[in-house]
Each structure stands twice: as structure tokens, then as C-alpha cells.
Amino acid sequence: MFDCQQHDHHGFIFPNPELRDQLVKSLSDALGKEEDLGLGDWIQKPLSLLAGPATALVRNKRGAITEANTPTPGDIILYQSRGQKIRDFIQKTIEYAEPPVVILAHSLGGIACVDLLVTQPMAQVTLLITVGSQAPFLYEINALSSLEFGQPLPDFFPEWLNIYDLRDFLSYIGATLFPNKVQDVLVDSKQPFPQAHSAYWTNPATWKAIIPRLP
């Protein structure tokens, strides 16, 4: 896993943290006692290669780092200037779906869906679920194209479940910005950043938050 990560292999898999820890423990037990192998602290801390020491450092200084690196990455900037086709595609997909419709959107997809639902009433959508989304952050810096900072979400906007991870520095909370409109749910992937941004789908806590909300 570490080798794939270091060489940027596209086939890298993010297991859930329990499975990862079980695998490391099994390998450690099979190798034997550390004093027999001369592996020292690595066996005592078997996840050292995966722990992402930079993650803890950045986590403590996230606010300053976020402010220093605004505007957000290029794909979001591109969407801001060329987003209409993406929103049109999402709208057509929703219209073809049998109601009730639940939208599950990750990262930039969450921004696009928020923009669409702010500007386009869609009664068939009963729930928007955003995962690892920057939509609240863009709203807070007055960069969300559909809604100026200080304006509330429209009354026709559906319920909004927003899932975030403190290890994912590209996820943001929304309930403080939109009281009584957004429910934030914290999950912990136990993966370092940037892997944490894609680790929601193998985290049981993500589905524990989602499944009870489905119609």
C-alpha cells in the first residue's frame, strides 16, 4: 500500500481502518517478536509508514494553511467558470430518475449539486448528501456562484446531510452557516491526508450515517 502511494499508482486501494489494522497485526504476528527480527520501533508502531506524520501537523494548523492556499484547486476554479454544463447534466439525470431522489455527491460534485438546488427547485429531491465537500467553504468566502454570503438557502432547498472528516482538509461543516438546514456528521477514516479525501466509501461510519436516511 505504501509503495503504491509513493509511486502514485492509480490502483491504490483504501481499506477501512479496522481491516488495515488487522492486516498489519497479522503480518506482525507472522513475522515473530521484534527482538528476533531487529525491526525495533516499526513493530511497536506498525502503522508508522501509513500514519502520515504531516497529517497531524497540518491538522493543527489547518486554518492558516487553508487561508494561505485560497483560492481552491484548479478543478474547482474551472467549475466556477464552466459549471453550467455539469449542472445541466445533473439536472437531467435527476429528472430521469424515479422519485423520491436522494443525491449523493463527493467533493466538487457537492458544490455542483448545491449550486443546482439553490437555483432550481426540484421537488423530487428529498435529500442531498455531500461527502468531503467544499461548498460551505466557498459560501463562507463568498465564492459560491449560486448564493452570496449572508443569504440563506431557499425554502425549497431539500434536507442536507453533510459528512466530513477532520483528517480530510477538503471537507467543511455547514450547520453553523445554515442553521436548521444542514446536518453535519463527523467520521474518522484514520487515513492520512490526502487519502482521507477518498476514504469515505470504505468507512462503515459513512454508510451508518447514510443508510437510515434513505427513503
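The sections below set out a description of the structure shown in this document. (Residues numbered from 1 in each chain as written. Predicted model: local features only at pLDDT ≥ 70, side-chain atom pairs only at ≥ 80, totals over all residues. Heavy atoms only, no water.)

Some words on the pattern of salt bridges
What counts is decided by this rule: For salt bridges, the criterion is a side-chain nitrogen of Lys or Arg within 4 Å of an Asp or Glu carboxyl oxygen. Labels follow the DSSP assignment, with helices taken as runs of H or I lasting at least four residues and strands as runs of E lasting at least two, numbered in each case from the N terminus. Buried, partly exposed and exposed residues are distinguished by accessible area as a fraction of the type maximum, computed with a 1.4 Å probe on protein chains only: under 20%, between the cut-offs, and over 50%, respectively.
Inspection of every chain in the model, using the stated rule, returns 3 salt bridges. With a closest N to O distance of 2.8 Å, Glu159 and Arg213 form a salt bridge. Here Arg213 lies in the segment after α11 (204-210) and Glu159 lies in strand β3 (residues 159-164), a separation of 54 residues in the sequence. For Arg213, a relative accessible area of 26% corresponds to the partly exposed category.

Quick look at helix α9 (residues 108-119)
In an α-helix, one full turn covers 3.6 residues, which means residues spaced three or four apart are oriented alike. Rules: A helix's residues, less one, multiplied by 1.5 Å, set its expected span.
The first and last C-alpha atoms of α9 sit 17 Å apart over 12 residues, in line with the 16 Å expected at 1.5 Å per residue. Among the 12 residues of α9, 9 are classified as buried, and the element is accordingly described as predominantly covered. Within α9, burial applies to Gly110, Ile111, Ala112, Cys113, Val114, Asp115, Leu116, Leu117 and Val118.

Some points on the side chain of Ser28
As a reminder of what qualifies: Under this definition, polar contacts are N or O atom pairs within 3.5 Å; protein pairs additionally need one hydrogen-donor-capable and one acceptor-capable atom, and for neighbouring residues in sequence, both atoms have to be side-chain atoms.
Tracing the chain through its elements places Ser28 in helix α2 (residues 17-31). Taking the relative accessible area as the measure of exposure, Ser28 reaches 10% and is therefore buried. Within the structure, the side chain of Ser28 is placed 2.8 Å from the backbone oxygen of Val24, a separation counted as a polar contact.

Let's talk about the nonpolar core
Rules: The term nonpolar core refers to a set of buried residues drawn from Ala, Val, Leu, Ile, Met, Phe, Trp, Tyr and Cys, joined through side-chain atoms within 4.5 Å. Residues count as neighbours in contact if any of their non-hydrogen atoms are within 4.5 Å of one another.
Ranked by internal contacts, the top residues of the largest apolar core, which has 30 residues, are Ile94, Ile103, Val114, Leu128, Phe157, Trp160 and Phe178. Those elements that place two or more of their residues in this core are α7 (74-82), α8 (84-96), β1 (101-106), α9, β2 (125-131) and α10 (135-140). Of all the elements, α9 adds the most residues to this core, at 7 residues. Setting aside its immediate chain neighbours within four residues, Val114 contacts Leu128, Ala135, Leu144, Ser146, Phe157 and Trp160. The next biggest cluster of nonpolar side chains, apart from the first, holds 10 residues, and it includes Leu127, Ile129, Val131 and Tyr200.

Things to note about the environment of Thr206
Its location among the elements puts Thr206 in helix α11. Accessibility expressed as a relative area gives 0% for Thr206, which makes it buried. For the pair formed by Thr206 and Val187, sequence separation is 19 residues and the distance between their alpha carbons is 6.6 Å. Excluding residues that lie within four positions of it along the chain, Thr206 makes contacts with Ile163, Val187, Tyr200 and Trp201.

Focus: unusual backbone geometry
A cis amide bond links Pro99 to the next residue, Pro100, at an omega of 0 degrees. On the secondary structure map, Pro100 appears in the loop between α8 and β1. Look at the link from Phe193 to Pro194: it is a cis peptide, with omega at 10 degrees. Its place among the elements puts Pro194 in the loop between β4 (182-186) and α11. Even without a glycine there, the phi angle at Ser107 is positive, about 55 degrees. Of note, Ser107 is situated in the loop between β1 and α9. Unlike most non-glycine residues, Asn142 shows phi in positive territory, near 60 degrees.

Observations regarding the packing of aromatic side chains
Stated formally: Working definition: a ring pair exists when centres of Phe, Tyr or Trp rings (six-membered ring for Trp) sit within 6.5 Å. Plane angles under 30 degrees give stacked, over 60 give edge-to-face, the rest tilted.
Here the structure, examined in full by the defined rule, presents 7 aromatic pairs. Taking the centre distance of 5.9 Å and the plane angle of 35 degrees together, the rings of Trp160 and Phe178 count as tilted. Note that Trp160 is positioned in strand β3 and Phe178 in the loop between β3 and β4, a separation of 18 residues in sequence. Ring geometry for Phe169 versus Phe193: centroids 4.8 Å apart, planes at 45 degrees, classification tilted. On the criterion of sequence distance, the pair formed by Phe169 in the loop between β3 and β4 and Phe193 in the loop between β4 and α11 is long-range, its members being 24 residues apart.

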